[in-house]
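Geometric and topological summary
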Amino acid sequence: MLKNIATERLAKQLGHNLKQKRLMRNLRIVDMAKSTALSASTIKRIENGDGGVSFDSWLRYMRRVSDVKKMLEMTSIYEDVIDLAINEENIRKRSSGKL
């Protein structure tokens, strides 16, 4: 269960956005359930931003309504190269927290 208010809001916004993507594709909950192998109740929980739903379930849902390439680009370390160069002095050198 999510405890952080900012994280809860983010999950709710993500769930809302995913629901809108589903609706834009004219997919019913039953269609999503069949194509993702998720239950209708899990689909509803994702769309409500329930942080207790497994990461695997969220990914299956997102793969059905979103561009996987964009999802991977969002997490690519290569997209951060410029930011890393700018902030090189602030990058942790050790896991102990010391710079």
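Residues numbered from 1 in each chain as written. Predicted model: local features only at pLDDT ≥ 70, side-chain atom pairs only at ≥ 80, totals over all residues. Heavy atoms only, no water.

Check the secondary structure of the chain and you find six helices and zero strands. When the elements of the chain are put in sequence order from the N terminus, they spell out α-α-α-α-α-α. A burial count over the chain gives 23% of its 99 residues as buried. Taking the contacts inside the chain whose residues are at least 6 apart along the sequence as the reference set, 47% of them involve residues at least 24 apart. Carbon together with sulfur atoms contributes 55% to the accessible area of the chain, which is approximately 7,700 Å² in total. (Helix = DSSP H or I, 4+ residues; strand = E, 2+ residues; numbered from the N terminus. Buried < 20%, exposed > 50% of the residue type's maximum accessible area, 1.4 Å probe, protein only. Contact = heavy atoms within 4.5 Å. Areas by Shrake-Rupley, 256 points an atom, 1.4 Å probe, with all protein chains shown as cover.)

Listed in full, the 12 residues of the largest apolar core are Leu18, Leu27, Met32, Leu38, Ile43, Ile46, Val53, Trp58, Tyr61, Met62, Val65 and Met71. Looking at this core, the elements with two or more residues in it are helix 3 (40–47) and helix 4 (55–65). With sequence-adjacent residues up to four places away left out, Trp58 is seen in contact with Ala11, Leu14, Gly15, Leu18, Ile46, Gly49, Asp50 and Val53. (Core = buried A, V, L, I, M, F, W, Y, C linked by side-chain atoms within 4.5 Å.)

To continue, consider the pattern of salt bridges. Taken as a whole and judged by the stated rule, the model has four salt bridges. Put simply, Arg22 and Glu47 hold a salt bridge, and the shortest N to O gap is 2.5 Å. Residue Arg22 is found in helix 1 (residues 5–24), and its partner Glu47 is found in helix 3; the two are separated by 25 residues along the sequence. Looking at Arg22, the relative accessible area reads 5%, which means it is buried. With its nearest N and O atoms 2.7 Å apart, the salt bridge here joins Asp50 to Arg45. The class for Asp50 is partly exposed, based on a relative accessible area of 27%. (Salt bridge = Lys/Arg side-chain N within 4 Å of Asp/Glu carboxyl O.)

Another point: unusual backbone geometry. One non-glycine residue, Asn26, lies in the positive phi region at around 55°. Inspection of the secondary structure puts Asn26 in the loop between helix 1 and helix 2 (29–36). Positioned with a positive phi, Ala37 is a non-glycine residue whose angle comes to about 60°.

Moving on to the packing of helix 1 against helix 4. The interhelical angle for the contact between helix 1 and helix 4, taken along N-to-C directions, is 40°, at an axis separation of 9 Å. Here helix 1 lies oblique to helix 4, going by the angle between them. In this structure, helix 1 crosses over helix 4, and the sense of that crossing is left-handed. Across the interface between the two elements, Ala11, Leu14, Gly15, Leu18, Lys19, Lys21 and Arg22 from helix 1 touch Trp58, Tyr61, Met62 and Val65 from helix 4. Taken together, the residues of the contact of helix 1 with helix 4 break down into seven nonpolar, one polar and three charged. (Axes fitted to C-alpha atoms, helices over the stretch in contact; angles between N-to-C directions. Parallel < 35°, antiparallel > 145°, perpendicular 65-115°, else oblique. Left-handed = near helix turned anticlockwise from the far one by under 90°. Nonpolar A, V, L, I, M, F, W, Y, C, P; charged D, E, K, R; others polar.)

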